[in-house]
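Results of the structural survey
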Amino acid sequence: MRARLRGLAALLGLVLLVAGCSSGPSLENQGEVTAPPGDSKHLVIGSAGFTESDLLATMYALLLKNAGYGTEILSVANRELYEPALESGQIDVVPEYAATFADWLNAKTNGADADPVGSPDLDATMKALRGLARPRGLVVLDAGKAVDQNAFAVARSYAARHHLKTLSDLGASGLEVRLAAGDECVQRPYCEPGLKKVYGIDITGVDPKGVGTTQSKKAVQSGQDQMVLTTSTDATLADFGLVLLDDDKHLQNADYIVPVVNRSRAGSAKVAAALGALNSVLTTEDLASLNQQVDSWRRLPEDVARTYLEDKGLLK
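Every value quoted in this text rests on a predicted model; they were computed, and no experiment measured them.

**Quick notes on the pattern of salt bridges**
- By the definition in use, this model includes 13 salt bridges.
- Where Glu 96 meets Arg 79, a salt bridge forms, and the shortest distance between an N and an O atom there is 2.8 Å. Pair noted here: Glu 96 is in strand β4 (residues 93-97) and Arg 79 is in helix α3 (residues 79-88), with a separation of 17 residues, a long-range link.
- Looking at Glu 96, the relative accessible area reads 1%, which means it is buried.
- Under the relative-accessibility criterion, Arg 79 is labelled buried at 19%.
- The residue Glu 87 makes a salt bridge to Lys 108 at a minimum N-O spacing of 3.3 Å. Of this pair, Glu 87 sits in helix α3 while Lys 108 sits in helix α4 (residues 98-110), and the two are 21 residues apart along the sequence.
- The partly exposed category is assigned to Lys 108, whose relative accessible area is 36%.
- Taken together, the shared-partner salt bridges in this structure form one network comprising Glu 83, Glu 87, Lys 108 and Arg 136.

This is how it looks when you write it as structure tokens:
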């Protein structure tokens, strides 16, 4: 089904990416991408090289193969490399995150100091993202139900003792909270400042143990810290006796999963329909479960992806 390009092959691919980047649409002609959408019969799906991206890329490849396309997966762990490759056609399809990708393209187009365009509002985020992607010859397909955004978890026993289900509950409790996170948390609006401003949570300090790391989770499990910054598809929270608190006031940006395609090679309605089939079934909870099967149960991404799609009736 796919050729897994690693090692020397991946290195060769990176050389091709750099060599081919100039073939994408010029930003001097923004808005003038007028050629009809392409429908190449062999498509390269890009993965960013971590578990979730591998799973999504594999599901995309299986769905496209099921629709009659030849597919292969290229793992390129750096967005600075795979996004230009997507523009130039070395890569045809990539799973992305709406708000993060919108802000990345915005900074690339308008400079690092440009005001962010990603927000908790999915519709506004998608409108901005599509406007930034279109001049680059990219098409952003519809978002589904699954979202991988920053999230906050506490010990299950702590949540039960204080009757906590949401971040608003934690703010209303008046509890002092030491937060395990990355050191950038003290400045990022979605982290310490946002938790204080939006939810009124009494953050007494940030313990710089990293985002969703084992060290951070163990600190909360032991009671050294009371809350950890992780992600909404973290597959290992239960292993540490942790539970997520609902972001009920939508502090976090709309990082819904979206397929992004090269318009000249994979912009057809057939590709959109094949990939869009996943939108009706894949949820955030499903994605966390799939991550867990790979990370904790040591199953292969291809086996996990295939089983999921077959169980959902998406493969013939």
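Once the structure has been displayed, the description carries forward.
**As for the sheet that holds strand β9 (residues 227-231)**
- The strand order across the open sheet built from 5 strands is β8-β7-β9-β6-β10, with neighbouring strands paired in mixed fashion. Both edges of this open sheet fall to β8 (202-208) and β10 (242-245), since each of them pairs with a single strand only. In this sheet, neighbouring strand axes are inclined to one another by 40° on average, regardless of whether the strands run parallel or antiparallel.
- Here 6 bridges tie strand β7 (residues 176-181) to β8, and the two strands are oriented parallel to one another. Considered in β8, the bridge of Leu 179 is made with Val 206.
- Sheet strands touched by helix α8 (residues 192-199): β6 (150-155), β7, β8 and β9. Its angle to β8, the strand with the most contacts, is close to 165°.

**Some words on the environment of Asp 202**
- You can see Asp 202 is positioned in strand β8.
- Beyond its immediate stretch of four places on either side in the chain, Asp 202 contacts Leu 175, Glu 176 and Val 177.

**Structural notes on empty space enclosed by the protein**
- Applying the stated criterion across every chain, the model contains 1 cavity of 30 Å³ or more.
- Here the largest cavity is characterised by a volume of approximately 80 Å³.
- Along its surface, the largest cavity is lined by Tyr 60, Gly 144, Lys 145, Ala 146, Ile 257, Pro 259, Leu 275, Leu 278, Asn 279 and Leu 282.
- For the lining of the largest cavity, the per-class residue count stands at 7 nonpolar, 2 polar and 1 charged.

**Thoughts on the layout of surface pockets**
- There is about 830 Å³ of room inside the largest pocket.
- Contributions of two or more residues to the lining of the largest pocket are made by α2 (51-66), α3, β4, α4 and α8.
- Per-element accounting of the lining of the largest pocket gives the leading share, 4 residues, to α8.
- In terms of residue class, the lining of the largest pocket is built from 15 nonpolar, 9 polar and 7 charged.
- There is about 590 Å³ of room inside the second largest pocket.
- Those elements that place two or more of their residues in the lining of the second largest pocket are β6, β10 and α12 (284-295).
- Top element by residues in the lining of the second largest pocket is α12. It accounts for 5 residues.

Cut-offs applied
- The numbers attached to residues start from 1 for each chain and follow its sequence in the written order.
- At least 70 in pLDDT is required for a residue's local features to be given in this predicted model, at least 80 for side-chain atom pairs to be given and counted, and no such filter applies to totals for whole chains, interfaces and linings, which use all residues.
- Computation of side-chain values covers all heavy atoms of the structure but excludes hydrogens and water.
- For salt bridges, the criterion is a side-chain nitrogen of Lys or Arg within 4 Å of an Asp or Glu carboxyl oxygen.
- Here a helix means four or more residues in a row that DSSP labels H or I, a strand means two or more in a row labelled E, and each is numbered from the N terminus.
- Buried residues are those whose accessible area, probed at 1.4 Å on protein chains only, stays under 20% of the maximum for their type, while exposed residues exceed 50% and partly exposed ones sit between those limits.
- When DSSP finds two or more bridges between two strands, those strands count as paired.
- In this analysis, axes come from line fits to C-alpha atoms, helices being fitted only over the stretch in contact, and the angle between any two N-to-C directions falls in the range 0 to 180 degrees.
- The contact criterion used is simple: two residues touch if any of their non-hydrogen atoms lie within 4.5 Å.
- Here a cavity denotes grid points, spaced 1 Å and computed from the protein atoms alone, that fit a 1.4 Å probe unable to get out, and a pocket denotes an open set having protein on both sides within 12 Å along at least 5 of 7 lines; residues with an atom within 4 Å of a point are the lining.
- Grid points are joined across faces, edges and corners, and a volume is the space filled by probe spheres set on the points.
- Charged means Asp, Glu, Lys or Arg here, nonpolar means Ala, Val, Leu, Ile, Met, Phe, Trp, Tyr, Cys or Pro, and polar covers whatever is left, Gly included.

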